[in-house]
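Okay, here's what each chain looks like letter by letter:
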Amino acid sequence: MANKDFSIEIFTPKKRIFSGSAVSVIAPGALGYLGILHNHAPLMTTLVPGNLIVRNDSGETTIFKSQGEGFLEVFHNKVTVLAEKIAE
Amino acid sequence: MQNLRALRQRIRSVQNTQKITKAMQMVAGAKLRRSQEELFAFRPYADRLSVIARRFAAAHPGFDHPLLNDGNLDAPAGLVLITSDTGLCGTYNERVFALAANFLKEFPSARVVAIGRKGSRSLIRREGIVFLKEPVSWGGKYDPADVLPFVDWMEQLFLSGQISSWYVAHTQFLSALQWKPIVPRLFPLERPESDAGFSEKLIVEPDSASVADQLLRQFVRAQFARMLLEAFTAEHSARMVAMKNATENADDMIKRLTLIRNKARQAAITKELIEVVSGAQAAMQ
């Protein structure tokens, strides 16, 4: 499993919400929910309010409720999420 | 020789003042810590945003957006002046004013908005200053709910051609003991430098125009938020240093006054002794 994961970092202006590895991320993109797996092509998208679901390689999922506008970038197995606000 | 009672009263009043300055120093210290944490938590967000903007610029050479271009050049410039709401913070406000005064010499027709009551009070006395709206007072605290509408308002004036460009006179926080007033331009935005190492195909959703739009809007908000955080952090640090100096000065003053008081007391005792002794001698003769 180890080579199937990638790193993800989630930031808001207030703090770094999350940093770790994941095998899949489901994000509320502007065109609808999108899934990201290992070796995803470079991508940049705007986010709309919704649930950001991060699953790690032991199968645990964490859900972040993103509020307001946001950004998601995938680049070389590194996902960066910039959200205006995330409810915890 | 000064009156002993007056000296004692003076010492007590300096001691009381010292208690106040010490308390203010502590309060400013706590606020400094908090806003420094906020500033340091904010920096990574702003940094990632610039990285993303640079990659976007690399993938879209020559992308265009109204926020990147000159606005209506016939319109006056806008100046946002970030100062403190209250005084007792040393030269913090004066240094921003000096910079703003130079700016207004260069752009005499500039319209001004003050954040912090001190800024409006100092400028209101000068002739020919046009305020765009009432001074805003956020009490040295950064709250997105106040700040985002303000940025939108600036953006709207810029895009509608009422203001040719926006500058922000504020203080940059360098360390707890060092800060520097600067007046950078906020609108139009500097074009993000493109990331030279980036050569891949980038998927952009929903389309490059709306990504560019949102990217730049968040970028400008982040820039302004960072300026505010820097200014507020610098303000607390300036106030803490000013109050620390005041407390130390009070210490010196108390020491000096105590010395004078002791001398006065000894002189009074000596005088009384001399009187007793010479009185006794006179009686013996």
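Please read all numbers here as calculations on a predicted model, not as lab measurements.

Before going further, it helps to examine the overall build of chain B. A count of helices and strands for chain B gives five helices and seven strands. Starting at the N terminus, the α and β elements of chain B follow one another as α-β-α-β-α-β-α-β-β-β-β-α. Whereas a compact globule of 285 residues would reach a radius of gyration of roughly 19 Å, chain B reaches 29 Å, over 25% beyond that. Overall, chain B is about 115 × 45 × 30 Å in size when its C-alpha atoms are taken along their principal axes. Burial analysis of chain B (285 residues in total) assigns 42% to the buried set. Excluding contacts between residues fewer than 6 apart, the proportion of contacts in chain B whose partners are at least 24 apart in sequence is 77%. Looking at chain B as shown, the accessible area adds up to about 15,200 Å², and 52% of this sits on carbon and sulfur atoms. The distance from the centre of the 38 positive side-chain charges to the centre of the 29 negative ones in chain B is 14 Å.

With that settled, the discussion passes to the domain arrangement of chain B. Residues and elements named next belong to chain B. By domain assignment, chain B separates into domain 1 (4-25 + 242-284) and domain 2 (28-240). Taking both partners together, domain 1 and domain 2 bury about 490 Å²; carbon and sulfur atoms supply 54% of that area. Joining domain 1 to domain 2, the criterion identifies zero salt bridges. On the surface where domain 1 and domain 2 come into contact, there are nine residue pairs in polar contact (both at pLDDT 80 or more). Residue assignment for the side of domain 1 that touches domain 2 shows that the elements contributing at least two residues are helix 1 (4-59) and helix 5 (208-284). With three residues, helix 5 is the largest single contributor of residues to the side of domain 1 that touches domain 2. Within the side of domain 1 that touches domain 2, the residues separate by chemical class into three nonpolar, one polar and one charged.

All names here are of chain B. Within this structure, the stated rule accounts for 15 salt bridges over all chains. Glu 230 serves as the salt-bridge partner of Arg 226, at 3.8 Å between the closest nitrogen and oxygen. With Arg 226 and Glu 230 both in helix 5 and four residues apart, this pair spans about one turn of that helix. Residue classification places Arg 226 among the partly exposed positions, given a relative accessible area of 26%.

This part covers helix 2 (residues 92-106) of chain B. Residue and element names in this part refer to chain B. With 15 residues, helix 2 should cover 21 Å at 1.5 Å per step; its first-to-last C-alpha distance of 22 Å lies within 8% of that length. Within the span of helix 2, buried status applies to Tyr 92, Asn 93, Val 96, Phe 97, Ala 100, Ala 101, Phe 103 and Leu 104. Along the axis of helix 2, the buried residues cluster in a sector spanning 160 degrees; they form a single face. With respect to the buried face of helix 2, the exposed residues turned more than 90 degrees away are Lys 105 and Glu 106.

In this structure, B:Thr247 sits in helix 5. With near-sequence residues (within four places) excluded, B:Thr247 lies in contact with B:Gln18, B:Thr21, B:Lys22 and B:Gln25.

Residue and element names in this part refer to chain B. The side-chain alternation of strand 5 (residues 178-182) yields one buried face, formed by Trp 179 and Pro 181, and one unburied face, formed by Gln 178, Lys 180 and Ile 182. Inspection of the sheet shows strand 4 (residues 166-175) paired to strand 5 by five bridges, in the antiparallel sense. Its bridge partner being in strand 5, Phe 173 is matched across the sheet by Trp 179. Joining the antiparallel neighbours strand 4 and strand 5 is a turn of two residues.

For the structure on display, the rule yields one cavity of 30 Å³ or more. Estimates place the volume of the largest cavity at around 40 Å³. Along the walls of the largest cavity sit A:Pro13, A:Lys14, B:Glu38, B:Ala41, B:Phe42, B:Tyr142 and B:Leu229, which together make up its complete lining. Take the lining of the largest cavity: its biggest share by element is three residues, from helix 1 of chain B. Looking at the lining of the largest cavity residue by residue, the class counts come to five nonpolar, no polar and two charged.

We now examine the packing of aromatic side chains. Residue and element names in this part refer to chain B. Considering all chains together, one arrives at 10 aromatic pairs over all chains under this definition. Ring centres of Phe 103 and Tyr 167 lie 5.0 Å apart, and the angle between their planes is 55 degrees; this geometry places the pair in the tilted category. Taken as a pair, Phe 103 in helix 2 and Tyr 167 in strand 4 lie far apart in primary sequence, 64 residues in all. The two residues Phe 103 and Tyr 167 agree in class, both being buried. With a centroid separation of 5.5 Å and 25 degrees between ring planes, the pair formed by Phe 158 and Phe 187 is classed as stacked. In this pair, Phe 158 sits in helix 4 (residues 144-159) while Phe 187 sits in strand 6 (residues 185-187), placing the two residues 29 residues apart along the sequence. Overall, Phe 158 belongs to the buried group, its relative accessible area being 2%.

About the cut-offs
Residues numbered from 1 in each chain as written. Chains lettered and ligands numbered in written order. Predicted model: local features only at pLDDT ≥ 70, side-chain atom pairs only at ≥ 80, totals over all residues. Heavy atoms only, no water. Helix = DSSP H or I, 4+ residues; strand = E, 2+ residues; numbered from the N terminus. Rg over C-alpha atoms; globule rule 2.2 N^0.38 Å. Buried < 20%, exposed > 50% of the residue type's maximum accessible area, 1.4 Å probe, protein only. Contact = heavy atoms within 4.5 Å. Areas by Shrake-Rupley, 256 points an atom, 1.4 Å probe, with all protein chains shown as cover. Lys, Arg positive; Asp, Glu negative; His and termini not counted. Charge placed at Lys NZ, Arg CZ, Asp CG, Glu CD. Domains from an automatic or database assignment. Buried area = accessible area lost by both parts, 1.4 Å probe. Salt bridge = Lys/Arg side-chain N within 4 Å of Asp/Glu carboxyl O. Polar contact = N/O pair within 3.5 Å; in protein donor to acceptor, adjacent residues only side chain to side chain. Nonpolar A, V, L, I, M, F, W, Y, C, P; charged D, E, K, R; others polar. Expected span 1.5 Å × (residues − 1). Arc of directions from axis to C-beta. Pairing = 2+ DSSP bridges. 1 Å grid on protein atoms, 1.4 Å probe; cavity = no way out; pocket = protein on both sides within 12 Å on 5 of 7 lines; lining within 4 Å. Points joined across faces, edges and corners; volume = space filled by probe spheres on them. Phe/Tyr/Trp six-rings, centres within 6.5 Å; stacked < 30°, edge-to-face > 60°.

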